[in-house]
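The lines below spell out each chain.
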Amino acid sequence: METKDYVVNGAGLGLRRDSIDELIKTPTPQVGFMEVAPENWIGVGGAFRKQLRAMTERHDFVTHGLSLSIGSPAPLDEELIKQIGAFMKTHGIKKYTEHLTYCSDDGHLYDLLPIPFTEEAVDYVAERIMRAQDILGQRIGMENASYYTPAPGSEMQEIEFINAVLEKADCELLLDINNIYVNSVNHRYDPVEFMKGLPAERITYAHIAGHYNEDDDLIVDTHGADVIETVWDLLDKAYEHFGVFPTLLERDFNIPPVAELLKEVDRIIHYQDKWQKAEPLSVRR
């Protein structure tokens, strides 16, 4: 079996300002790459800029955007895309990803809202993704997003919508393992079957994270807790099915000491090592 080439490799960790001082001082040989939200760093100077530069010289980096609002009725923010491209060039960052959602109309909504699952929305979103890719000069990765109430007017299933957008835009997939689990509980579907319906060839890297159980049938994607066993099991099944892909630990709130974060990074590596030499189920005869 041919091994797919990825722009980053191994197990990753999200870089947050709350932990950057400790990360600079801590040896992190197991961290294959790191991720930042570009909106939080563009235009930042002084000590934080120097610290970010120190980290980008130590590790490969990717960016995960927060506010492109790819499904918004508002015009595409081409100036933001250009700023992100310049930021990536300055720091040698290899990839840009975003959420398959929207978060703005006349103003910023401060939440990531689901796009209606319709053919019209597929065409609209794909056109905007292609424009963003043209500006950046590279394919971007769109993340399968968590959502809590279906968008009104949906005519397709979530899996159909995601696959149609990826195909029409010819973009990549940021595979969020936790979001699959969260949505499977909130919207009552089989997470493994959903995951298997996604295209292996479009995966650029993956996220894994913790969440908050609001109720027995409602989970909120917070990135503020340890990854639970069921989500680890889903990552294990993803490697079995697709083969091993780069995977990053997201932790945005209630951030523990770096040593605790690295234990979860080590666990990603454990599953990657387990499946590294095995052919994925999708190509086994």
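Residues numbered from 1 in each chain as written. Predicted model: local features only at pLDDT ≥ 70, side-chain atom pairs only at ≥ 80, totals over all residues. Heavy atoms only, no water.

Trainee: Sorry if this is basic, but what is going on with the pairing of strand β4 (residues 96-99) here?
Mentor: The two faces of a sheet get side chains in turn, since along a regular strand they alternate between them. Here β4 shows no split at all, with Y96 and E98 on one side and T97 and H99 on the other all buried. For the handedness criterion, the β-α-β arrangement of strand β3 (residues 60-64), helix α3 (residues 78-91) and β4 is classed as right-handed. (Buried < 20%, exposed > 50% of the residue type's maximum accessible area, 1.4 Å probe, protein only. Helix = DSSP H or I, 4+ residues; strand = E, 2+ residues; numbered from the N terminus. Right-handed = clockwise from strand over helix to strand, strands pointing away.)

Trainee: I keep staring at the sheet that holds strand β12 (residues 247-249) and nothing clicks. Help me out?
Mentor: Within a sheet, neighbouring strands are paired by backbone hydrogen bonds and run either parallel or antiparallel to one another. Pairing is parallel around the closed barrel formed by eight strands, whose spatial order is β1-β2-β3-β4-β7-β8-β9-β12. For this sheet the average axis-to-axis angle between neighbouring strands, irrespective of direction, equals 30 degrees. Inspection of the sheet shows strand β1 (residues 11-14) paired to β12 by three bridges, in the parallel sense. When the sheet's bridge partners are listed, G12 is paired in β12 with L248. (Pairing = 2+ DSSP bridges. Axes fitted to C-alpha atoms, helices over the stretch in contact; angles between N-to-C directions.)

Trainee: What should I look at first to understand helix α5 (residues 158-169) in this one?
Mentor: Residues separated by three or four positions in an α-helix point in the same direction, a consequence of the helix having 3.6 residues per turn. Here α5 spans 17 Å end to end across 12 residues, near enough to the 16 Å set by a 1.5 Å rise per residue. Packed against the buried residues of α5 are α4 (119-136), β8 (172-176), α6 (177-186) and α7 (191-196). D170 lies just past α5 and shows a positive phi near 50 degrees. (Expected span 1.5 Å × (residues − 1). Contact = heavy atoms within 4.5 Å.)

Purely spatial values, then, with no claim about function.
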